[in-house]
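For reference, the chains in residue letters:
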Amino acid sequence: MPEGATAAQAAYLEMRGISKNYGGVHALSNVDFSARRGSIHAVLGENGAGKSTLIKIVSGVVAPSTGTLHLDGKPVEFRTPLEANAAGVVCIFQELSLMPDLSVADNISITAPPRTKLGLIDGRAQRRRAEELLARVGCEDIDPRERVKNLPLSRRQMVEIAKALGRNPTLLILDEATSALTGTDVEKVYGILHALRKDGLCLLYISHRMHEIEELADTCSVFRNGQHIETFAAGAHSHDDIVQLMIGRDWSNVFPEKPKWDTPPAPALEVENLTWAPTLNNLTLSVGKGEIVGVGGLDGQGQRELLLALFGVLRGVGGTMKIDGRPVKLGSPAEAKQPENGIALIPEDRKTEGLMLPMSVAENITIAALPWLTKGLVIDQSAEADKIREMVERMQIKAGDLDQEVANLSGGNQQKVVIAKWLLTGARIILLNDPTRGIDVGTKQEIYALLRGLAADGASILFYTTDYDELIGCCDRVLILYDGAIVRELTGEALTETNIIASSLNLPSERTSAEAAR
Amino acid sequence: MKSLRLFLSQNLGLLLAIAMFAVLYAFYVSQYPNWGMNVVLQNGNETLALILVGMAQTMAVIVGGLDLSVGPLMTLTNCFGSIVMAGTGGSVVLGIIACMALGTACGFMNGCIIVYGRIQPIIATLATGAIFLGLALLLRPSPGGSIDGDFAWAFTNDINELGYTYGWWEDLGFFGKIPLQPIYLILIVLLVWVPFKRSVTGRGAYAIGSNAHAAYMSGVRIDRSKIAAFTLAGFFAGCAGIYLTMQMGSGNADAPQAAEYTLRSIATVVIGGTSLYGGTGGVIGTIFGALVLRSISFIFRVVPESAPLGFVASPLLQPFFEGLILLVAVSLGAARVFRVKNRLSLFS
């Protein structure tokens, strides 16, 4: 690209004074941000730091509350993703934007398919186009006529990438776009991204994986609590410095102190050879009374399914499960929550699995414990009201009116409602699936303290999180899952970020230490 | 080989509907004393309006909704048609065009209410359906109106009769025995449905039913596709009303009939293999779904009550068997439940 040399110097995307408020929450406050062409620009930050909001503004999903957006020097205002697309802004979202019932070819050409002379969609040309794009991302094995819902997640993600490339972007945003890819696919994607950078595209890359960022990015920007903290050339800061920038405080104080175990605690939950083809392979684990056991690893290594299996959601689970030494076989969450089992699952997505959004705060709090709040055939309303008041106080749920819809609460308070709901059942075995995703730091801290307090009172906690710091700071032991099996158990001194990353990638730990030193 | 496998797996619902129709109709033919093209004509006459109303319903279902106004809209067009289609020659043609325009306009109105009013389709069309029926009653407080007899006869018959009536052509042999109803249907499918399905707007309608969020994030013009789907539903319902007018030669604001057509239209869509969750299927399946439903009622006419097991052929049991078939069709479609390993996916 001859003109690329000059074009690359000036900022292609420029955001000035951008703020975004959701109700009282400041998702972004007064952000100035710019990115140039011919660059892979990593955007770093904790969950809830404002990265997603930034992307949503650039790609036309939400409008900023204040501030202006410039593209190639010209002010722009995107009202819909379609308008952003037309301007060359294409986004590959973490949550896929594919239509499951349509074919791969249909999905790739969804908005601008090749047409016949009559203006109708040209199926054959569309298929060829899909084949070309799939070949470009190295996925010749995908049949363009196959429906997307029949593809495994990793293939879908490649289709998503092919779809984005088919829109000829000048500004390509990748939001955790490699989270479900297999190793070889990741290599292919890296190759494509390097080639696109050479072609003079402006690439924004969002990922939680430091090694990906080290490999790809030439510029990094750190966000924290909705603010743009710093932008620097890749390599200008050490890994530890970057983490420090991201969390912005000494994170050792965030977590409550861990207890010292003289003797290992008596096991409360024991699982042997848990298998659920093809996702879970022979998992054996136990969680002691009063223990917080972390579950780590890359996304999609079977962590979610492990928790669902223990909660009785999955069918055809092999292996044995014991609670307090007593073998159990759970066929549904309704069975799992019975007092003799006492299991609770705080699900990953509070909006779809955790809460009944149109129902009130109060109704949501008691929904799981209702069977124990009845008088004869009807709900004992005064007992219910007492329990609700007790929980709201204990969890410090900030909801003006308990009869308002739970949808109106902030993310942190919603998550507190979910946790309150399960505490009310008197659960002794608590399974958590990434409970702090998208929650403000203050609430996170409250949740850590609460978990430790519950454990001290004798609960057993199995805690899956994508946040390494939580694994290190909050858990007594950490199990790393890879491909549906536990590849490593980390405790004490061995519980370090390096070891977590190394075992997550199923690498021998020496190699990664060497990489980290490099 | 691979493409055959893909074709089969992606059109299972349609193939199932065709198979069911084939079995039922074959049984009907075997029981009919002297079955011939005249019987096919009669069958077609009784089925076309239901097929068209079913096609209308299919449009709403593809985008993930239900249209409760398809039956009433057919009735409204019928009453309107009994007025504007009276007369002869060119005025009839104008009347037909006016009826199509009325149906399309009503469908467009449904679409606008749903999209801009942000009202769920089922509720919006519950209301507009009542409005359509009210208008129909205003137009025809009592059944009446008379369509030119020659016209009604010729255009609901076969190719030969059409020629004889107007002196356009003489006996065309076997070709002339082909009833007009399948020809109308093929024309509508080729001229309206196929272009829609292959347009960007039509593709958008499927995308909305499949995953509205992803469609929006992909830059699909959600509003346009949704309005188009409901507009087309109105057009199909209007065509049903026109055919009914020609078939009966008059208009009748028959509320029970409208309601029955609406309910049956949902059954035809489901039997035809279109998922009520939206995003799949199409009108071809619905055509066979309607044929399956009608075949059941045809069978009740030919199985004598004196035959062994003839007591089950009592006309009183007809709704019972229609319900049974509907249940079987839906159950076959839901067989995947037995393969689901994650109970959560039962609810999504």
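Residues numbered from 1 in each chain as written. Chains lettered and ligands numbered in written order. Predicted model: local features only at pLDDT ≥ 70, side-chain atom pairs only at ≥ 80, totals over all residues.

Things to note about the overall build of chain A
In terms of helices and strands, chain A carries 19 helices and 22 strands. For 518 residues, the compact-globule formula gives about 24 Å, and the C-alpha radius of gyration of chain A, at 24 Å, lands near that figure. Overall, chain A is about 75 × 50 × 50 Å in size when its C-alpha atoms are taken along their principal axes. Burial statistics for chain A: of 518 residues in total, 46% are counted as buried. Intrachain contacts of chain A at a sequence separation of at least 6 include 67% that bridge at least 24 residues. (Helix = DSSP H or I, 4+ residues; strand = E, 2+ residues; numbered from the N terminus. Rg over C-alpha atoms; globule rule 2.2 N^0.38 Å. Buried ≥ 20, exposed ≤ 12 C-beta atoms within 10 Å, placed from the backbone. Contact = placed C-beta atoms within 7 Å.)

So, the overall build of chain B
Each helix and strand counted, chain B has 14 helices and zero strands in total. Each helix and strand of chain B, ordered N terminal to C terminal, gives the series α-α-α-α-α-α-α-α-α-α-α-α-α-α. Taken over the C-alpha trace, chain B has a radius of gyration of 21 Å; the compact-globule value for 348 residues is 20 Å, and the two agree within 12%. If you line up chain B on its principal axes, its C-alpha atoms span 60 × 50 × 40 Å. Going through the 348 residues of chain B one by one, you find that 44% of them count as buried. Restricting the contact set of chain B to residue pairs at least 6 apart, pairs at least 24 apart contribute 75%.

Notes on the sheet that holds strand β14 (residues 318–323) of chain A
Residues and elements named next belong to chain A. In space, the four strands of this open sheet follow the order β12-β11-β14-β15, with antiparallel pairing throughout. Looking at strand neighbours, the two that pair on one side only are β12 (280–288) and β15 (326–328), the edges of this open sheet. Going across the sheet, the axis of each strand differs from the next one's by a mean of 20°, ignoring polarity. Looking at chain direction, β14 and β15 are connected through three bridges and run antiparallel. (Pairing = 2+ DSSP bridges. Axes fitted to C-alpha atoms, helices over the stretch in contact; angles between N-to-C directions.)

Description of helix α13 (residues 283–302) of chain B
Look at α13 of chain B: 29 Å from first C-alpha to last across 20 residues, which is about the 28 Å you get at 1.5 Å a residue. Of all the 20 residues making up α13 of chain B, 14 are buried; the element is thus mostly covered by neighbouring parts of the structure. (Expected span 1.5 Å × (residues − 1).)

Things to note about the interface of chain A and chain B
Quoted interface sizes are often the accessible area lost when the parts come together. Each side of the interface is counted separately: chain A has 27 residues, and chain B has 27 residues. With three residues, the top contributor of residues to the side of chain A that touches chain B is helix α3 (residues 81–86) of chain A. Grouping the constituent residues of the side of chain A that touches chain B by class yields 16 nonpolar, four polar and seven charged. (Nonpolar A, V, L, I, M, F, W, Y, C, P; charged D, E, K, R; others polar.)

Remarks on the packing of helix α4 (residues 70–84) of chain B against helix α12 (residues 255–271) of chain B
All names here are of chain B. The N-to-C vectors of α4 and α12 enclose an angle of 135°; their axes lie 7 Å apart at closest approach. With respect to their mutual orientation, α4 and α12 come out oblique. Remark: the crossing between α4 and α12 carries right-handed chirality. Between α4 and α12, the contacting residues are V70, G71, P72, M74 and T75 on the first element and Q257, A258, A259, Y261, T262 and S265 on the second. (Parallel < 35°, antiparallel > 145°, perpendicular 65-115°, else oblique. Left-handed = near helix turned anticlockwise from the far one by under 90°.)

Remarks on the nonpolar core
Counting 151 residues, the largest nonpolar core has L52 and F236 of chain B as the members making the most contacts within it. The leading source of residues in this core is helix α11 (residues 222–248) of chain B, at 15 residues. Excluding anything up to four places from it in sequence, L52 of chain B contacts F236, C239, A240 and Y243 of chain B. In terms of nonpolar packing, the next biggest core, distinct from the first, is built from 75 residues, A368, A369, L431 and V478 of chain A among them. (Core = buried A, V, L, I, M, F, W, Y, C linked by C-beta atoms within 7 Å.)

Describing the domain arrangement of chain A
Residues and elements named next belong to chain A. By domain assignment, chain A separates into domain 1 (4–247), domain 2 (265–342 + 428–518) and domain 3 (350–426). On a C-alpha basis, the centres of domain 2 and domain 3 stand 26 Å from each other. Each partner contributes to the interface: domain 2 provides nine residues, whereas domain 3 provides seven residues. (Domains from an automatic or database assignment.)

Some thoughts on the pairing of strand β9 (residues 219–224) of chain A
Residues and elements named next belong to chain A. Most of β9 sits out of view: five of its six residues are buried. Across five bridges, the pairing between strand β3 (residues 39–45) and β9 is parallel. By the bridge assignment for β9, H41 is matched with T219. Examined bridge by bridge, β9 and strand β10 (residues 227–233) share six bridges and lie antiparallel to one another. Bridged to F223 within β10 is H228. Hairpin remark: β9 followed by β10, antiparallel, with two residues in the connecting loop; positive phi at N225, about 50°.

What about the sheet that holds strand β19 (residues 429–433) of chain A?
All names here are of chain A. As summarised here, the arrangement of the six strands in space is β16-β19-β20-β13-β21-β22, forming an open sheet in which the pairing is mixed. Each end of this open sheet is capped by a strand with a single partner; those strands are β16 (343–346) and β22 (485–491). On average, each strand axis in the sheet is inclined to that of its neighbour by 20°, with strand direction left out of account. With four bridges joining them, strand β13 (residues 292–296) and strand β20 (residues 460–464) adopt parallel strand pairing. Counterpart to I292 in the pairing with β20 is I461. Strands β13, β16, β19, β20 and β21 (477–482) of the sheet are contacted by helix α10 (residues 303–310), whose axis makes an angle of about 150° with β19. Together, β13, β21 and β22 form the strand contacts of helix α18 (residues 497–504), whose direction differs from that of β21 by roughly 25°.

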